[in-house]
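Notes for the structure review
What follows is the residue order along each chain.
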Amino acid sequence: MTKTPERYNAREVEPKWRAAWDERGIFKLDETDPRPSYYVLEMFPYPSGRIHMGHVRNYTMGDVVARYKRAKGFAVLHPMGWDAFGMPAENAAMQHNTHPAAWTYANIATMKAQLKSMGLSLDWDREFATCDVEYYHQQQALFLDFLKAGLVERKSAKVNWDPVDGTVLANEQVIEGRGWRSGALVEQRELTQWFFKITAFSEDLLSALDGLERWPEKVRLMQKNWIGRSEGMLVRFELADGAPADQSELEIFTTRADTLFGASFLALSPDHKLAKAAAATNPELAVFAEECRRVGTSAAALATIEKKGFDTGIRARHPFDPDWLLPVYVANFILMDYGTGAIFGCPAHDQRDLDFARAYGLPVTPVVLPDGADAATYTVGTEAHDDAGRLINSRFLDGLTVDAAKEEVARRLEGEMRSGRPVGQRQVNFRLRDWGISRQRYWGCPIPVIHCETCGVVPVPAADLPVKLPDDVSFDVPGNPLDRHPTWKHVPCPKCGAPARRETDTMDTFVDSSWYFARFTSPRATTPTKRAVVDRWLPVDQYIGGVEHAILHLLYSRFFARAMKLTGHLGLDEPFAGLFTQGMVTHETYKGADGRWLFPEEVGIKDGAAIHVKTFEPVTIGAVESMSKSKKNVVDPDTIIAGFGADTARWFMLSDTPPERDIQWTDSGVEGAARFVQRLWRLVGDLAELAAPVGTPAPAAATGPALDIRRLAHGALAEIENDIEKLRFNRAVARVYELANGLTTALGDLDEAAAAAPDVKAAAREAAEILVKLFAPMMPHLAEECWAVLGHDDLVAVAPWPVVEPALLARDTITLPVQVNGKKRADVTVPREAGAADVEAAVLALDIIQRVLEGKPPKKVIVVPQRIVNVVA
RNA sequence: GCCCAGGUGGCGGAAUUGGUAGACGCGCUGGUUUCAGGUACCAGUGGUGCAAGCCGUGGAGGUUCGAGUCCUCUCCUGGGCACCA
């Protein structure tokens, strides 16, 4: 190899191939393409201004899958769009006096150019932003259909109010008592709001998780916990003394009806109607209830407070014994919106009830005896027993298991009638709440209803859609610009024609992202979807995004699919057949001498110590954390792509770290990736010089070096295909390195005669083309340039994936490791078809084995075919 | 507190699911090329020992011919949920 290899210049080459792809339109999908379909989708970005490394990682992974599936002969749908409504646009409007739309569309233009520079195989013809009128028009149509189908509800509810953003948040948008976006402490307020009835699907959303086999177990578990199903009973307690005149009973929910004979009190939420009635005549109780509510604003405070209660003086009768009276407390640890807002307390078998009972001197009677404990001496101290056991002190339940006792209590209470209703009934309860979608904001999809004084809430007629956002709005004062707009909300009632007003709330932006995947199948349709098209392309075969959306976005999307099915917009329940959640991109953090964060480019290394590149002051290297602007540990994708090329950035993102884990961005790692780009370029150049012309078939009966080269290529092909199918990109990358190493060595070993042999030249042709096709999904620009060097004038992006020849994967002889007592001592090479007896004989003939055995016969020889031999001495 | 996931060289990580621990990359060491830096190339790189060998997958036990992988206990790290009756 005497010629001076030219360097591969990514900066010049990459734009050329992107233009070639565009020109040929090869990533545009024909919806009627008869080949098997494959839908790969990455979570679409919020147009915040510029893409970050997390986007690069996410979209690179999706692109590998898309390009690979295309090569495998699928008709691939791989679209991109923008999750474009939301608060940052309004904040920018306030700060910089721009219009949210102008800000958003400018950001989209910037980010689209950045995504294009990555060389992604996207069908840009399908692009849309959720703030496009055409998109939210169809979303309003969906809303009206959901309303008609009874899936939308307007109700007054205690809501999470974010005082900084001035809007309502869904439960799942409150994290540790703070708004998920603003971080402000959330307050509880009573407001009339629009809700999607996601709880109508609680049972189905839970049970269908089992069928999502290509979802991460972790995500399924998180959703399961979030939905929070529990089986229990509603039990009616008759009120005896001290009850308000209009209330004669108290209904509680319990999952432990078996412990009814261990009851020592009843407890109410301060917001329970019985508590409120009692507080009306008891000022002290009213004060206590008010105290509870104050604490209740912060979940962090809730977690640490002591259990407190207030005896209302009311007494209730035990359902199995009318003479047994139980005190009714108001307690600070009872939630109004779970179950009935009331419980019965069994201190011996519930820790919270035990803490409460100890504080107020209430009886603690064990009714479940742990296995192995003695009934005569068993007592409960400071730890409640909530595990299994047998019932004691429980009359007719004594001796039963917990499950059997639950059955027996249910049977009896269901059979006992009071005022025409059973005293108890089985009930399944869910933690999941309905999804409040009202937001008091401008930059969102308007809720298409009109409020009329005589007709009430009137849906906007479908023919009047879209309800467009007005352009002339100002953000100089707090509050909702739609609400204070001089004319927008004033409209005649569609029913009676009288003056009425529009709903000024807009939809939660999670609504926008709950059906965009369906819209991509027919992005310009004048209905939300086209049934024939959407039914062919959904579900998404592979969805890829961040695990931070494990609950919110994915649960809402699953709800939307069901709601859209019910209203005839599509034909399935589960929108995402395969889900992959990728890890974050991390980087070291740096702090200067003054304690301020520094950007990575401000930091240099001198004599093994980190210093500031300008001031030479010492720099402290901090923890490796996920990239964030606030800590300045960010690397700009543009800088990397401009400096090294998109292929290097893509390759690095796929290398080394398993895709589901956090990846650490390092300079040396990127440089390594860049070096490999050059190495591949030289290797393909060398192969091209040696290789037979384009179209030469692989040598069928190769021997010697030609056979070795073929085996290398086909071995790598089989492995990489398997790795990409399983999204194990880091392993696929390692296999490409191995193939490149192997081919480099094989080329170096060829003597002049071998290099001139036709079968070697044909094998080199085959190996070079396999190599290029194998890395083409990961480094598509380099692959095109290599493809051209190999003499092709078509694009590798449309070339079919190579086919493995299984015969090349098998060897005539195999080398087995030989262990003695489980420790490896030798290798033995035997014919592939050798029987166990032949292998054993070969092993025992080995000098090393004879030496270790010291001439004695082995106790036993274990031969695992094709695997290993173990000699037991 | 409860529920998950995970601890493997200096670092990121492999290991066909019970069968050669450390693939591949980064880093490092020595050498060749180069005025030099970088690049490129060659050799080496878990620990220990002159060596045969011995020790090694957070820790302690166990099952097995054989354990990173299975079981019991324990420590640590990351994530989710959090008075859900």
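What you are looking at is a predicted structure, and each value in this text was computed from that prediction instead of being measured. (Residues numbered from 1 in each chain as written. Chains lettered and ligands numbered in written order. Predicted model: local features only at pLDDT ≥ 70, side-chain atom pairs only at ≥ 80, totals over all residues. Heavy atoms only, no water.)

**Focus: the domain arrangement of chain A**
A common measure of how large an interface is: the accessible area buried when the components associate. The test is simple: Those domain boundaries reflect an automatic or database domain assignment.
Under the domain assignment, chain A is made up of domain 1 (26-132 + 512-582), domain 2 (138-199 + 434-509), domain 3 (229-430), domain 4 (586-626), domain 5 (663-808) and domain 6 (813-872). For domain 4 and domain 5, the distance between their C-alpha centres works out to 40 Å.

**Focus: the UniProt feature "binding site: ATP" (unreviewed entry) in chain A**
Under the convention used in this document: UniProt positions are given in the numbering used here, feature names are shortened, and annotations may be inferred rather than shown by experiment. Only runs of H or I of at least four residues qualify as helices and only runs of E of at least two qualify as strands under DSSP, and these elements are numbered from the N terminus. For the exposure calls, accessible area comes from a 1.4 Å probe over protein chains only, and a residue counts as buried if that area is under 20% of its type's maximum, exposed if over 50%, partly exposed in between.
Here, UniProt's "binding site: ATP" (unreviewed entry) annotation points to Lys629. Checked against the element boundaries, lysine 629 lands in the loop between β32 (620-626) and α18 (637-644). Among the residues examined, lysine 629 registers a relative accessible area of 72% and is labelled exposed.

**Here we look at the layout of surface pockets**
Applicable threshold: Whether a set of points on the 1 Å grid over the protein atoms alone is a cavity depends on a 1.4 Å probe fitting there but being unable to get out, while an open set qualifies as a pocket with protein on both sides within 12 Å along at least five of seven lines; lining residues are those with an atom within 4 Å of a point. Grid points are joined across faces, edges and corners, and a volume is the space filled by probe spheres set on the points. Three classes are used: nonpolar for Ala, Val, Leu, Ile, Met, Phe, Trp, Tyr, Cys and Pro, charged for Asp, Glu, Lys and Arg, and polar for all others, with Gly counted as polar.
What the second largest pocket holds in volume is close to 470 Å³. In terms of lining, the second largest pocket is formed by 25 residues, of which the most central are Arg214, Gln542, Leu579, Phe580 and Leu727. When contributions to the lining of the second largest pocket are tallied by element, the ones reaching two or more residues are α2 (53-71), α7 (217-227), β27 (579-582) and α21 (704-725). The dominant element in the lining of the second largest pocket, judged by the number of residues it contributes, is β27, at four residues. Residues belonging to the lining of the second largest pocket are distributed by class as follows: eleven nonpolar, five polar and nine charged. Counting only domains with at least three residues in the lining of the second largest pocket, you end up with domain 1 (26-132 + 512-582) and domain 5 (663-808).

**Describing the sheet that holds strand β3 (residues 152-162)**
For the record, the criterion: Only strands that DSSP links by at least two bridges are regarded as paired with each other. Contacts are assigned to residue pairs with any non-hydrogen atoms lying within 4.5 Å of each other. For every element, the axis is a line fit to its C-alpha atoms; helices are fit only across the contacting stretch, and the angle between N-to-C directions ranges from 0 to 180 degrees.
Pairing within the open sheet is antiparallel, and its four strands lie in the order β4-β3-β7-β19. Each edge of the open sheet carries a strand with a single partner, namely β4 (167-169) and β19 (435-436). For β3 and β4, the ladder comprises three bridges, and the chain directions are antiparallel. Looking at the pairing, asparagine 160 lines up with leucine 169 of β4. Helix-sheet contacts for helix α5 (residues 133-148) involve β3 and β7 (187-196), and the interaxial angle to β7 is about 90 degrees.

**Some remarks on the environment of threonine 586**
Within the element layout of this structure, threonine 586 appears in strand β28 (residues 585-591). Judged by its relative accessible area of 7%, threonine 586 falls in the buried class. Excluding anything up to four places from it in sequence, threonine 586 contacts Val624, Glu625, Ser626, Met627, Asp662, Ile663, Gln664 and Trp665.

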